[in-house]
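Architecture and fold: a report
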Amino acid sequence: MRIVLLGAPGAGKGTQCKRIVDRYSLQHLSSGDILREQRAAGTELGKKAQSYMDSGGLVPDEIIVEMMIEAIKKTPEAGFILDGFPRTVNQAIELDKLLNDSEQDIDVIINLLVDSRIIEERMTGRRSCPKCGAVYHVKNLKPKITGVCDKDGTKLIQRPDDKPEVVANRLKTYHVQTESLVDYYKNRRTVYDFDANKSADEVSGLIFEKLDALVEA
Ligand code: ADP
Ligand code: AMP
């Protein structure tokens, strides 16, 4: 199964992806996670991406497309779920080309819909584990011990781009550069919309119901 997960930053894509990959044994490919890993490792790619990420803008398409194509090519047959990529129509066109060339297609497109008031609260309240990438929220999805990762005991951090001044810019970037992607896909394929204002458990329940039905069909 090859899935694309769409939604504004903070909509809950990463949270839902982790649950989906556990249930359907897929590879989780998050462009944001890959970029953060590259930055932490101090690679050329990480250095190139840094200023765009810190200001809340998008990393240029040519950098991202090459990075994600490489990641997709390494993915096992069982399939993948893309999180944060594509983020522009141009990236979606490049993804379509790659899949066409290997006679593959996207099987499911999931779109998480969240009110903007909730999105801001989710992004500014997000806390992440710098070691394993686990994601929590100060109010909604708390770790067992405040500020500490449940999985490996590492001290949680707030991503620099989750600070309020950058969050505003990221939402602007989303509206200007990414939102139109939903129409691009809706004009070509079925897009399944989900009300992601609900709790994380309710949202995954709805997504699993749809994916189970599609797997059975
Ligand atoms: P994205 O990957 O779309 O940027 P995340 O999955 O990182 O979003 O979620 C953003 C924040 O919101 C995190 O702090 C996460 O714990 C929290 N969160 C995710 N889904 C929900 C939900 N359905 N209800 C409440 N909080 C959520
Ligand atoms: P995310 O973890 O998905 O919120 O992404 C964090 C940041 O990485 C974004 O604000 C962008 O600067 C950059 N980024 C991630 N994915 C992409 C993409 N597909 N295209 C361009 N920039 C991206």
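Residues numbered from 1 in each chain as written. Chains lettered and ligands numbered in written order. Predicted model: local features only at pLDDT ≥ 70, side-chain atom pairs only at ≥ 80, totals over all residues. Heavy atoms only, no water.

**Focus on the overall build of the protein chain**
- From N to C terminus, the protein chain includes nine helices and seven strands.
- Whereas a compact globule of 217 residues would reach a radius of gyration of roughly 17 Å, the protein chain reaches 17 Å, a difference of no more than 12%.
- Expressed as a percentage of the 217 residues in the protein chain, the buried residues total 47%.
- Residue pairs in contact within the protein chain that sit at least 24 positions apart in sequence constitute 69% of those at least 6 positions apart.
- On the protein chain, roughly 11,400 Å² of surface is accessible, and the fraction owed to carbon and sulfur atoms is 49%. (Helix = DSSP H or I, 4+ residues; strand = E, 2+ residues; numbered from the N terminus. Rg over C-alpha atoms; globule rule 2.2 N^0.38 Å. Buried < 20%, exposed > 50% of the residue type's maximum accessible area, 1.4 Å probe, protein only. Contact = heavy atoms within 4.5 Å. Areas by Shrake-Rupley, 256 points an atom, 1.4 Å probe, with all protein chains shown as cover.)

**Digging into the site of ligand 2**
- Residues in close proximity to ligand 2 total 16 residues, the closest being Ser31, Arg36, Gly57, Gly84 and Arg170.
- The contact in question runs from an oxygen atom of ligand 2 to an N or O atom on the backbone of Gly57, over 2.6 Å.
- Protein contacts shield 96% of the accessible area of ligand 2, which totals 480 Å² for the unbound molecule.
- With four residues, the single largest contributor to the shell around ligand 2 is helix α2 (residues 31-40).
- Residues belonging to the shell around ligand 2 are distributed by class as follows: six nonpolar, five polar and five charged. (Near = heavy atom within 4 Å. Polar contact = N/O pair within 3.5 Å; in protein donor to acceptor, adjacent residues only side chain to side chain. Nonpolar A, V, L, I, M, F, W, Y, C, P; charged D, E, K, R; others polar.)

**Remarks on the sheet that holds strand β1 (residues 2-7)**
- Read from one edge of the open sheet, five strands run β2-β3-β1-β4-β7, paired in parallel fashion. Looking at the sheet topology across the chains shown, the edges are occupied by β2 (27-30) and β7 (191-195). Each neighbouring strand pair of the sheet contributes to a mean axis angle of 20°, computed without reference to strand direction.
- For β1 and strand β4 (residues 108-113), the ladder comprises five bridges, and the chain directions are parallel. (Pairing = 2+ DSSP bridges. Axes fitted to C-alpha atoms, helices over the stretch in contact; angles between N-to-C directions.)

**Concerning the environment of Lys155**
- The residue Lys155 is located in the loop between β6 (135-137) and α7 (164-178) in this model.
- Between the alpha carbons of Lys155 and Gly46 there is a distance of 23 Å; along the sequence they are 109 residues apart.
- Those residues in contact with Lys155 that lie beyond four places of it in its chain are Pro130 and Gly147.

**A few points about the site of ligand 1**
- Surrounding ligand 1, one finds 18 residues, the nearest of these being Gly10, Lys13, Thr15, Arg126 and Tyr136.
- Between an oxygen atom of ligand 1 and a main-chain N or O atom of Gly14, the distance comes to 2.8 Å.
- The side chain of Thr15 places a nitrogen or oxygen atom 2.6 Å from an oxygen atom of ligand 1.
- In isolation ligand 1 offers 560 Å² of accessible surface; the protein chains occlude 93% of this area.
- Elements that contribute at least two residues to the shell around ligand 1 include exactly α1 (13-24) and β6.
- Looking at the shell around ligand 1 residue by residue, the classes come out as seven nonpolar, seven polar and four charged.

**Describing the nonpolar core**
- With 29 residues, the main nonpolar core has Val4, Met68, Leu82, Leu95 and Tyr185 as its most contacted residues.
- Elements with a minimum of two residues in this core: β1, α2, α3 (44-55), α4 (61-73), β3 (80-83), α5 (89-101) and α8 (180-186).
- The greatest single-element share of this core, amounting to seven residues, is contributed by α4.
- Setting aside residues no more than four positions away along its own chain, Met68 makes contact with Leu29, Ser31, Ile34, Leu82 and Phe85. (Core = buried A, V, L, I, M, F, W, Y, C linked by side-chain atoms within 4.5 Å.)

**Observations regarding the state of the cysteines**
- Per the stated rule, a full pass over the model turns up zero disulfides.
- Of all cysteine sulfurs, the one in Cys132 lies closest to Cys17, which takes part in no disulfide; the gap is 16 Å.
- Cysteine Cys149 remains unbridged, with the sulfur of Cys132 as its closest cysteine sulfur at 3.8 Å.
- A residue is classified by how much of its surface remains accessible, and Cys149, at 3% relative accessible area, is buried. (Disulfide = S-S within 2.5 Å.)

Just distances and angles here, no functional claims.
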